[in-house]
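Here is what each chain is made of, one letter per residue.
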Number of protein chains: 2
Amino acid sequence: MRENIKVLLVDDHTVVRAGFRMLLESQPFIGEIVDVERGEMACQEYSRFLPDVVVMDLSMPGIGGLETIRRLCQQNEDVIILVYSIHDEAIYVERALQAGAKGYVSKNSAAEVLATAVSVVAEGKKYIEAGLLPEVQDVRHNDTEQLHAVADALSPREFDVFCLLAKGLSAHDVAAELCLGYKTVANYNTQIKNKLNVSNAAELAHIAMRLGLIKTG
Amino acid sequence: MRENIKVLLVDDHTVVRAGFRMLLESQPFIGEIVDVERGEMACQEYSRFLPDVVVMDLSMPGIGGLETIRRLCQQNEDVIILVYSIHDEAIYVERALQAGAKGYVSKNSAAEVLATAVSVVAEGKKYIEAGLLPEVQDVRHNDTEQLHAVADALSPREFDVFCLLAKGLSAHDVAAELCLGYKTVANYNTQIKNKLNVSNAAELAHIAMRLGLIKTG
DNA sequence: AAACATTCAGGAAAAACTCCTATTTTATTT
DNA sequence: AAATAAAATAGGAGTTTTTCCTGAATGTTT
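I will try to describe carefully the structure that is included in this document.

1. Some remarks on helix α10 (residues 201-210) of chain B
Residues and elements named next belong to chain B. For α10, the buried fraction is high: 7 of the 10 residues fall into the buried class. All buried positions along α10 are accounted for by Ala202, Leu204, Ala205, His206, Ile207, Ala208 and Met209. One side-chain oxygen of the residue at the start of α10 lies 3.2 Å from the amide nitrogen of Ala202, identifying that residue as Asn200. Positive phi shows up at Gly212, right after α10, with a value of about 75°.

Following this line, the structure appears as structure tokens:
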């Protein structure tokens with residue numbers, strides 16, 4: 001295991017920088033820690049401090065997390081970046097890794113997980129927190145381009161049913177509305193939830209909302 | 001100025017708890033600090049630890065921040081709660097204060113601001129970060145009234161279940177989350193839908209959305 | 001034409017929901 | 001302090017919904 005790992009912390013929230021610092025300082029394998037509050041500063045500080053690992057948040061003002069990853073990678077292709085984020089969604093993990101990150105942990109993780117992740121990526125391995133990776137192959141769920149995903153995944157008739165279910169109609173209501181048998185709608189219901197990878201009507205509503213199909217007021 | 005202020009930290013993110021702890025520990029006027037990761041735990045811990053100030057995030061899984069404030073206030077009307085949040089929007093500030101919080105600071109604030117806020121509220125004053133207060137009058141009362149309508153109609157526990165169901169959890173998930181039997185949740189589910197006069201989870205989601213209890217992206 | 005997707009729906013089993021009842025705890029009122 | 005009301009919890013039984021499998025009719029693509 002690597003010793004004396006130099007860490008560059010990048011986060012715009014003071015409390016989070018302080019927190020990470022505290023968690024890391026209690027680990028024996030951690031060396032010097034420098035923290036900065038924006039991606040731009042990270043790029044400058046990187047070439048001066050030459051950390052072994054860069055630990056950063058994805059969502060930051062300024063150039064943001066993803067662009068920071070790209071720039072750091074351009075500066076030095078061997079840079080080791082560990083991303084942590086409130087976003088558990090696969091699409092973020094995917095993008096971060098694509099941009100050049102070597103690890104990804106959720107902000108909800110326990111202290112040990114965060115420390116472990118640092119030590120693992122410092123050794124040159126990848127660290128993607130359990131539960132995040134499996135979804136990567138999966139749906140681009142929660143994507144901004146979800147409208148297309150939905151439109152692609154659902155047949156026209158399924159989409160009709162989806163809209164009504166998401167609006168809050170019962171399967172019987174939908175059947176009446178579309179002049180279909182109840183069983184037909186019930187089966188569509190199941191089918192739609194499978195295709196969109198959700199398990200209940202509330203989640204359908206969420207998707208519809210995100211797609212702007214439902215006006216929130 | 002108060003000395004030896006006992007603080008109860010409530011946040012679901014390990015790093016944030018650690019960060020706040022670090023920032024506060026460096027202040028001479030801060031005494032013992034206890035941290036918990038959820039609102040439910042805060043309510044329990046409060047009566048045991050009897051902190052001078054409760055410092056908490058608004059957005060948490062489980063019963064969430066607002067409901068936690070209400071419950072703490074009910075437990076002890078003199079409780080001093082300082083809220084910090086990524087949400088700078090006036091509506092959140094207003095709701096938090098209405099629920100019983102004594103202070104509100106943004107998560108982006110500098111370390112000194114956070115520490116100062118704790119010491120100010122500990123003295124029994126209010127502390128609303130500059131820049132947040134002016135907008136408070138600006139709030140539309142519509143949503144807040146609806147929130148009260150829901151909060152009035154539902155008992156606290158029903159409200160907990162409502163939030164989770166509206167978020168898209170199944171009855172089984174909710175049961176696991178709140179450590180209840182499935183049947184209990186199933187029965188609450190029925191009860192909640194009756195009280196809110198809706199007939200399915202999608203409509204619950206709509207209501208939660210309108211109330212701003214669900215972040216749409 | 002053959003292969004495939006789409007629309008529609010029935011049957012059977014599994015799961016979820018509803019309604020009723022009941023115990024325990026907590027609050028409120030007299 | 002006792003009585004009353006409200007809330008939290010959950011079991012049982014019956015009903016409804018969902019799921020999964022299957023299949024026919026229609027249309028479309030290669």
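Read on, since the account is not over.
2. Digging into the pairing of strand β3 (residues 53-57) of chain B
All names here are of chain B. Extensive coverage of β3 is indicated by the burial of 5 of its 5 residues. Judged from the 4 bridges that link them, strand β1 (residues 5-10) and β3 form a sheet pairing that is parallel. When the bridges of β3 are listed, Leu9 appears paired with Val55. Strand direction decides the pairing type here: β3 and strand β4 (residues 81-85), joined by 4 bridges, are parallel. If you follow Val54 over to β4, its bridge partner there is Ile81.

3. Details of the nonpolar core
Val7, Val53 and Val55 of chain A together with Val7, Val53 and Val55 of chain B are the most contacted members of the largest nonpolar core, which totals 53 residues. Among the elements that line this core, the one with the most residues is helix α5 (residues 111-122) of chain B, at 8 residues. Residues in contact with Val53 of chain B, not counting those within four places in the same chain, are Ile5, Lys6, Val7, Leu8, Ile80, Leu82, Val118, Val121 and Ala122 of chain B. Grouped together as the second largest cluster of nonpolar side chains are 46 residues, Leu154, Ala166 and Ile214 of chain A together with Ile192 of chain B included.

4. Side note on the protein's contact with DNA strand D
Near DNA strand D there are 18 residues, and of these Asn187 of chain A together with Ser155, Gly181, Lys183 and Thr184 of chain B occur at the shortest range. Backbone sugar and phosphate groups make up 62% of those atoms of DNA strand D lying within 4 Å of the protein. Side-chain polar atom of Arg157 of chain B to a phosphate oxygen of DNA strand D: 2.9 Å apart, as the coordinates give it. Breaking the surface near DNA strand D down by element, the ones donating at least two residues are α9 (171-178) and α10 (182-196) of chain A together with α7 (156-167) and α9 (182-196) of chain B. The biggest single contributor to the surface near DNA strand D is α10 of chain A, with 7 residues. Across the surface near DNA strand D, the residue classes break down as 6 nonpolar, 8 polar and 4 charged.

5. Some details on the packing of aromatic side chains
For any two aromatic rings, the description comes down to two numbers: the centre-to-centre distance and the angle of the planes. Counting across every chain of the model gives 4 aromatic pairs over all chains. Summarising the aromatic geometry, the rings of Phe20 of chain A and Tyr84 of chain A are spaced 4.8 Å apart at their centres and angled 50° between planes, so their arrangement reads as tilted. Placement of the pair is Phe20 of chain A in helix α1 (residues 14-25) and Tyr84 of chain A in strand β4 (residues 81-85), with a sequence separation of 64 residues. Relative to Phe162 of chain B, the ring of Phe159 of chain B has its centre 6.0 Å away and its plane inclined at 45°; by these criteria the two rings are tilted. Linking Phe159 of chain B with Phe162 of chain B, this pair stays in helix α7, spanning 3 residues, or about one helical turn. For the pair Phe159 of chain B and Phe162 of chain B, one class covers both residues: buried. Here the basic side chain of Lys6 of chain A rests over the ring of Phe49 of chain A, its NZ or CZ set 4.9 Å away from the ring centre.

6. A look at the side chain of Arg17 of chain B
All names here are of chain B. Structurally, Arg17 can be placed in helix α1 (residues 14-25). For Arg17, a relative accessible area of 10% gives the class buried. The residues touching Arg17, leaving out its near neighbours within four places in the chain, are Leu9, Asp11, Asp12, Asp35, Val36 and Glu37.

7. As for the sheet that holds strand β5 (residues 103-106) of chain A
Residue and element names in this part refer to chain A. Taken together, 6 strands build an open sheet; the order of strands is β2-β1-β3-β4-β5-β6 and the sheet is parallel. Bordering the open sheet on either side are β2 (30-36) and β6 (127-128), each of which pairs with just one other strand. Together, β1 (5-10), β2, β3 (53-57) and β4 form the strand contacts of α1, whose direction differs from that of β2 by roughly 175°. In this fold helix α3 (residues 64-75) packs onto β3 and β4, with an angle of close to 160° to the strand it touches most, β3.

8. What to know about the protein's contact with DNA strand C
Close to DNA strand C lie 17 residues, the nearest being Ser155, Gly181, Lys183 and Thr184 of chain A together with Asn187 of chain B. Protein-proximal atoms of DNA strand C, defined as those within 4 Å of the protein, fall in sugar or phosphate at a share of 67%. Secondary-structure elements contributing two or more residues to the surface near DNA strand C are α8 (156-167) and α10 of chain A together with α9 of chain B. Taken together, the residues that form the surface near DNA strand C break down as 5 nonpolar, 8 polar and 4 charged.

9. Structural notes on the pattern of salt bridges
Under the criterion given, the structure shown has 17 salt bridges over all chains. The salt bridge involving Lys195 of chain A is made with Glu158 of chain A; its shortest N-O contact spans 2.9 Å. In this pair, Lys195 of chain A sits in helix α10 while Glu158 of chain A sits in helix α8, placing the two residues 37 residues apart along the sequence. Overall, the relative accessible area of 32% leaves Lys195 of chain A in the partly exposed class. The closest approach of N and O atoms between Arg38 of chain B and Glu177 of chain B, which form a salt bridge, is 3.0 Å. One end of the pair, Arg38 of chain B, is in the loop between β2 (30-36) and α2 (39-49); the other, Glu177 of chain B, is in helix α8 (residues 171-178), with 139 residues separating them in the sequence.

Cut-offs applied
- Residues numbered from 1 in each chain as written.
- Chains lettered and ligands numbered in written order.
- Predicted model: local features only at pLDDT ≥ 70, side-chain atom pairs only at ≥ 80, totals over all residues.
- Heavy atoms only, no water.
- Buried < 20%, exposed > 50% of the residue type's maximum accessible area, 1.4 Å probe, protein only.
- Helix = DSSP H or I, 4+ residues; strand = E, 2+ residues; numbered from the N terminus.
- Polar contact = N/O pair within 3.5 Å; in protein donor to acceptor, adjacent residues only side chain to side chain.
- Pairing = 2+ DSSP bridges.
- Core = buried A, V, L, I, M, F, W, Y, C linked by side-chain atoms within 4.5 Å.
- Contact = heavy atoms within 4.5 Å.
- Near = heavy atom within 4 Å.
- Nonpolar A, V, L, I, M, F, W, Y, C, P; charged D, E, K, R; others polar.
- Phe/Tyr/Trp six-rings, centres within 6.5 Å; stacked < 30°, edge-to-face > 60°.
- Lys NZ or Arg CZ within 6 Å of the ring centre and 35° of its normal.
- Axes fitted to C-alpha atoms, helices over the stretch in contact; angles between N-to-C directions.
- Salt bridge = Lys/Arg side-chain N within 4 Å of Asp/Glu carboxyl O.

Note that every value here comes from positions in space, so none of it alone points to a role or purpose.
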